[in-house]
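Observations on chain architecture
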Amino acid sequence: MKKRIAIFASGSGSNAQKIMEHFKKSNEAEVALILTNNPYAYVLQRADNFEVPSHIFDKKEFYETNKILALLNNLNIDLVVLAGFLWLVPLNLLKAYPNKIINIHPSLLPKYGGKGMYGERVHEAVLANKETESGITIHFVNENFDDGEIIHQSKFRVDKGDDLEMMKFKVQQLEHTHFPKVIEGLLKKMKSI
Ligand code: GRF
């Protein structure tokens, strides 16, 4: 049976798109569900385009019920992927999916991570500190922001003239190249829950 992936995303979902594209051709795994807390997120359109079902939830449902857990269980989800999802994951999910929830972060953690460090703020801080390199981190998720065990990092060079747009571009190139492959590698190593 194919391994089944659920993706949480709150915004555009370009990473979700690359993951759906990657696994559309796969005999090993498939994206079974997209989840979002944002009813206006473009990721919902992308899910529709790939005919992947989606679910919209609010804070109360996420933190005060077991509905999301039941949904993931019912769909036999093997791996949960956070791709541009900003809320901490509640304990009921962390306990049910140990080392089976991963996140992507647009910096070389532990640098430029933690609460409030997301999106453009990360790149602005990297530029302000005149870093000569930055990159991406894919890591397991725990109860803290950007804190779990690191699975993969890729770097790029920050050149003198690089501005915010260039940083976003360089990060996105790396994310789109590596995230689907890292997910595939993890699934290969993983037994079904
Ligand atoms: C990515 O940069 C990711 O590292 C961060 O959120 C962004 C999501 O972008 N966690 P997109 O919605 O996949 O385009």
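Along every chain, residues carry numbers that run from 1 in the direction the sequence is written. Restriction of local features to residues with pLDDT of at least 70 applies here, the model being predicted, together with a cutoff of 80 or more for giving and counting side-chain atom pairs; totals for whole chains, interfaces and linings are based on all residues. Water and hydrogen atoms play no part in the side-chain values, which are based on all heavy atoms of the structure.

Remarks on the site of the ligand
- One heavy atom suffices: a residue is near a molecule or strand as soon as one of its heavy atoms comes within 4 Å of it. Taken together, Ser-12, Gly-13, Ser-14, Asn-15, Gly-84, Ile-104, His-105, Pro-106 and Glu-175 are the residues near the ligand.
- Polar contacts, as counted here, are pairs of nitrogen or oxygen atoms within 3.5 Å of one another; within protein the pair requires one atom able to donate a hydrogen and one able to accept it, and residues that are adjacent in sequence qualify only if both atoms are side-chain atoms. At 2.5 Å from an oxygen atom of the ligand is found a side-chain nitrogen or oxygen belonging to Ser-14.
- The protein chains hide 79% of the 370 Å² of surface that the ligand would expose on its own.
- Partitioned by chemical class, the residues of the shell around the ligand number two nonpolar, six polar and one charged. With residues, only the protein chains shown are counted as cover, and all accessible areas are computed by Shrake-Rupley using a 1.4 Å probe. Here the nonpolar group is Ala, Val, Leu, Ile, Met, Phe, Trp, Tyr, Cys and Pro; Asp, Glu, Lys and Arg are the charged ones; every other residue, Gly included, is treated as polar.

Here we look at the UniProt feature "domain: Formyl transferase N-terminal" (unreviewed entry) in the protein
- Taking the UniProt record as the reference, the feature "domain: Formyl transferase N-terminal" (unreviewed entry) is found at residues 3-183.
- The span residues 3-183 is 38% helical and 23% strand by assignment, and the distance between its end C-alpha atoms comes to 11 Å. UniProt positions are given in the numbering used here, feature names are shortened, and annotations may be inferred rather than shown by experiment. Here a helix means four or more residues in a row that DSSP labels H or I, a strand means two or more in a row labelled E, and each is numbered from the N terminus.

Observations concerning the packing of helix H1 (residues 14-24) against helix H2 (residues 42-49)
- Two numbers describe how H1 lies on H2: the axes approach to 9 Å, and their chain directions differ by 15°. If you check the angle between H1 and H2, you find them roughly parallel. As H1 packs across H2, the resulting crossing turns out to be right-handed. Of the residues in H2, those touching H1 at Ser-14, Ala-16, Gln-17 and Met-20 are Val-43, Arg-46 and Ala-47.
- Its residues assigned to classes, the contact of H1 with H2 shows four nonpolar, two polar and one charged. Note on geometry: axes are C-alpha line fits, over the in-contact stretch for helices, and angles between N-to-C directions span 0 to 180 degrees. Small angles under 35 degrees read as roughly parallel and large ones over 145 as roughly antiparallel, with 65 to 115 read as roughly perpendicular and the rest as oblique. Should the near helix be turned anticlockwise from the far one by less than a right angle, the crossing is termed left-handed; should it be turned clockwise, right-handed. Residue contacts follow a heavy-atom distance rule, with two residues in contact if any of their heavy atoms lie within 4.5 Å.

Here's the deal with the UniProt feature "site: Raises pKa of active site His" (unreviewed entry) in the protein
- Sites flagged by UniProt as "site: Raises pKa of active site His" (unreviewed entry) map to Asp-146.
- Looking at the secondary structure, you find Asp-146 in the loop between strand E6 (133-140) and strand E7 (150-157).
- Classification of residues uses two cut-offs on accessible area relative to the type maximum, computed with a 1.4 Å probe and protein chains only: under 20% is buried, over 50% is exposed, and between them is partly exposed. The exposure class assigned to Asp-146 is buried, which follows from its relative accessible area of 17%.
- Aside from chain neighbours lying at most four places away, what touches Asp-146 is Asn-103, His-105, Leu-109, Gly-113, Gly-114, Met-117 and His-139.

Thoughts on the side chain of Thr-36
- With respect to the secondary-structure elements, Thr-36 resides in strand E2 (residues 29-36).
- For Thr-36, a relative accessible area of 0% gives the class buried.
- In this structure the side chain of Thr-36 is engaged in a polar contact, spanning 2.7 Å, whose partner is the backbone oxygen of Ala-9.
- Beyond its immediate stretch of four places on either side in the chain, Thr-36 contacts Ala-9, Ser-10, Ala-41, Val-43, Leu-44, His-55, Ile-56 and Phe-57.

Points about the packing of aromatic side chains
- Ring geometry is summarised as follows: Phe, Tyr and Trp rings, the Trp one being its six-membered ring, pair when their centres sit within 6.5 Å, and such pairs are stacked at plane angles under 30 degrees, edge-to-face over 60 and tilted between the two. Under the definition given, this model contains eleven aromatic pairs.
- For the ring pair Phe-62 and Trp-87, a centre distance of 5.8 Å and an interplane angle of 45° mean the geometry is tilted. Remark: Trp-87 occurs in the loop between strand E4 (79-82) and helix H5 (91-96) and Phe-62 occurs in helix H3 (residues 59-64); sequence separation between them is 25 residues.
- Measuring from centroid to centroid gives 6.1 Å for Tyr-63 and Trp-87, while their planes differ by 35°, and the two rings are tilted. Of the two residues, Tyr-63 sits in helix H3 while Trp-87 sits in the loop between E4 and H5, which places them 24 residues apart along the sequence.
- On the basis of relative accessible area, Tyr-63 is assigned to the partly exposed category, the value being 37%.
- Through a chain of ring-to-ring contacts, the aromatic side chains of Phe-8, Phe-57, Phe-62, Tyr-63, Phe-85 and Trp-87 assemble into a single cluster.

Concerning helix H6 (residues 120-128)
- Listed as buried for H6 are Val-122, His-123, Ala-125 and Val-126. One side of H6 holds all its buried residues, which, seen down the axis, span an arc of 160°.
- Of the surrounding secondary structure, the elements contacted by the buried residues of H6 are strand E5 (101-105), E6 and helix H7 (164-189).
- Looking one or two residues beyond H6, the residue adopting positive phi is Lys-130, at roughly 55°. The directions considered for the arc run from the helix axis to the C-beta atoms.

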